[in-house]
Amino acid sequence: MPPPRTTPQRAKGLRHRLAELRGPDVPAKALDARALAALAANPGCSRRALLDGAGVNKAALASALGAPSAFGQSQFALTRGNAFEARVKADGGAELLRLVREKLDPGAEPPERTYAPDLTASGPEGRTARTALALREAVEAGGWTLLDHPMLALDVAGSPAFLEPDAVVVHPDGSWTVVEIKSFPMLDGSADPAKVGAAARQAAVYVLALEEVAARLDPAPEVRHRVLLVCPKDFSNLPAASAVDIRKQRAVTARQLARLTRIEEIAAGLPEGTCFSPELPAEQLTAAVEAVPATYAPECLAACELAFHCRDRSRTAGAVTSLGRAVRAELGGLTTVEDVLAAARGESGDPDDPAVAALRRAAALRAEALAEAAESRSGALREAACH
């Protein structure tokens, strides 16, 4: 079931509360699709949900906490990616539209001309409205239309997130396709599966946002669940493209976003005066961050700027989540390493609990193996002494 609509008065109050959490005169950091996909992958982390929803700069926050992270793209990669994207969209996007038709819609008429509407407007809300209008006009006009860096909005736990895909293409039949342009290479027609998976998760976020725009039109246009991934071909600067089916990623992302606790509920549980401004003393800032529950897992190291801080806290507390989500899932109600060891030694835990029984069986096998190894080593030493 979708979350209840936020009234204008309620939304205004939430924005004011989130601004207080960021700190006076601290600008909000936009929540992009990359961060949103990472947030959806860890929906149980209230800390990330609140900080991202409030627009807190987590990189600056991590540095102020004394646990800076090297997470993020290098300046070289950003420059290379921007140059490649400019090449793909040159000549009004003629090559890009050709690739969309070739990979996704070969039965459509070839694009004789390129229509790229002006999407400039004041602020993200204005750009979002202008994008929605351009999409509607493109559907009514027919033919091929390229929207270069449109602005989309998606409700995330009660707070709006403004998203900017590389491009959205409107087909002659009125359907919409998301285009993801990446700087990693496509070698012999295929790219790194891990990077393709990350791109698919980002594209799924854009598809969800587009579906909300489409739902407001009558009849609602189709938002295609096969997106176009464009990458450099064999380390050159020439574009190569591949159609990627993101239905699975879309379903998972939608389900995970729906599980997120609403940001206003998290904020309501914080102590009065809580603030995440990097200008605050380290002790006060640490207390503010620790007031929000976190769910750390090793996967956070590749997706969150606060991962080093959360890892240290998780290890200090002896939380089993620091061993990975798969291990955590196997241990049931045992939440700390101390609990796990005590259960394995038979000092605590319900013997009928499958996790406890497995731990005790593993401990018995380990003790048996160590005893056999010690006996074998002792025998070898006695034999050597005899000779």
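Up top is the structure.
Conventions and cut-offs
- Residues numbered from 1 in each chain as written.
- Predicted model: local features only at pLDDT ≥ 70, side-chain atom pairs only at ≥ 80, totals over all residues.
- Heavy atoms only, no water.
- Core = buried A, V, L, I, M, F, W, Y, C linked by side-chain atoms within 4.5 Å.
- Buried < 20%, exposed > 50% of the residue type's maximum accessible area, 1.4 Å probe, protein only.
- Helix = DSSP H or I, 4+ residues; strand = E, 2+ residues; numbered from the N terminus.
- Contact = heavy atoms within 4.5 Å.
- Pairing = 2+ DSSP bridges.
- Axes fitted to C-alpha atoms, helices over the stretch in contact; angles between N-to-C directions.
- Patch = residues over 30% accessible without salt bridge, like charges linked within 9 Å, V, L, I, M, F, W, Y side chains within 5 Å.
- Areas by Shrake-Rupley, 256 points an atom, 1.4 Å probe, with all protein chains shown as cover.
- Salt bridge = Lys/Arg side-chain N within 4 Å of Asp/Glu carboxyl O.
- Expected span 1.5 Å × (residues − 1).
- Arc of directions from axis to C-beta.

Our focus in this paragraph is the nonpolar core. One finds Leu-36, Leu-50, Trp-176 and Phe-276 to be the most contacted residues of the largest nonpolar core, which totals 73 residues. Per-element accounting of this core gives the leading share, twelve residues, to helix H8 (residues 193-215). Once residues within four sequence positions are removed from consideration, Leu-50 is found in contact with Leu-18, Leu-21, Ile-263, Ile-266, Ala-267, Leu-270, Phe-276 and Val-292. If you look at the next biggest cluster of nonpolar residues, it comprises 17 residues, including Val-88, Leu-97, Leu-99 and Leu-146.

The next subject is the sheet that holds strand S4 (residues 167-170). Taken in spatial order, the five strands of this open sheet run S1-S4-S5-S6-S7, and their pairing is mixed. One side of each edge strand has no neighbouring strand; the edge strands of this open sheet are strand S1 (145-148) and strand S7 (239-245). Direction aside, the axes of adjacent strands within the sheet are offset by 25° on average. Relative to strand S6 (residues 226-232), strand S5 (residues 176-181) is paired through three bridges, and the arrangement is parallel. When the sheet's bridge partners are listed, Ile-181 is paired in S6 with Val-230. Where helix H5 (residues 75-88) meets the sheet, its contacts fall on S5, S6 and S7, and the angle it forms with S6 comes to roughly 115°.

There is a patch of nonpolar side chains on the surface, built from Leu-323, Val-327, Val-337 and Leu-341 and spanning about 300 Å² of accessible area. Here Leu-341 is to be found in helix H14 (residues 337-344).

The next thing to look at is H5. The terminal C-alpha atoms of H5, which comprises 14 residues, lie 20 Å apart, in line with the 20 Å expected from a rise of 1.5 Å per residue. When we look at burial in H5, the residues that qualify are Ala-77, Gly-81, Phe-84, Glu-85 and Val-88. The buried residues of H5 occupy an angular sector of 100° when the element is viewed end-on, so they sit on one face. For H5, the exposed residues lying more than 90 degrees away from the buried face are Gln-75, Phe-76 and Asn-82. Here the buried face of H5 lies against helix H6 (90-104), S5, S6 and S7.

With that out of the way, let us pick up unusual backbone geometry. Geometrically, the link from Asp-218 to Pro-219 is a cis peptide bond, its omega value of 0° lying close to zero. Assignment of secondary structure puts Pro-219 in the loop between H8 and S6. Here the phi dihedral of Phe-235 falls at roughly 70°; this positive angle occurs in a residue that is not glycine. By secondary structure assignment, the location of Phe-235 is in the loop between S6 and S7.

Looking now at the pattern of salt bridges. If you walk through the whole model with that rule in mind, you get 19 salt bridges. Salt-bridge contacts for Glu-85 lead to Lys-89; the nearest nitrogen and oxygen are separated by 2.7 Å. For the salt bridge of Glu-102 with Lys-103, the shortest nitrogen-to-oxygen distance reads 3.8 Å. Salt bridges here are not isolated pairs; linked through shared partners, they connect Arg-48, Asp-52, Lys-58 and Glu-305.

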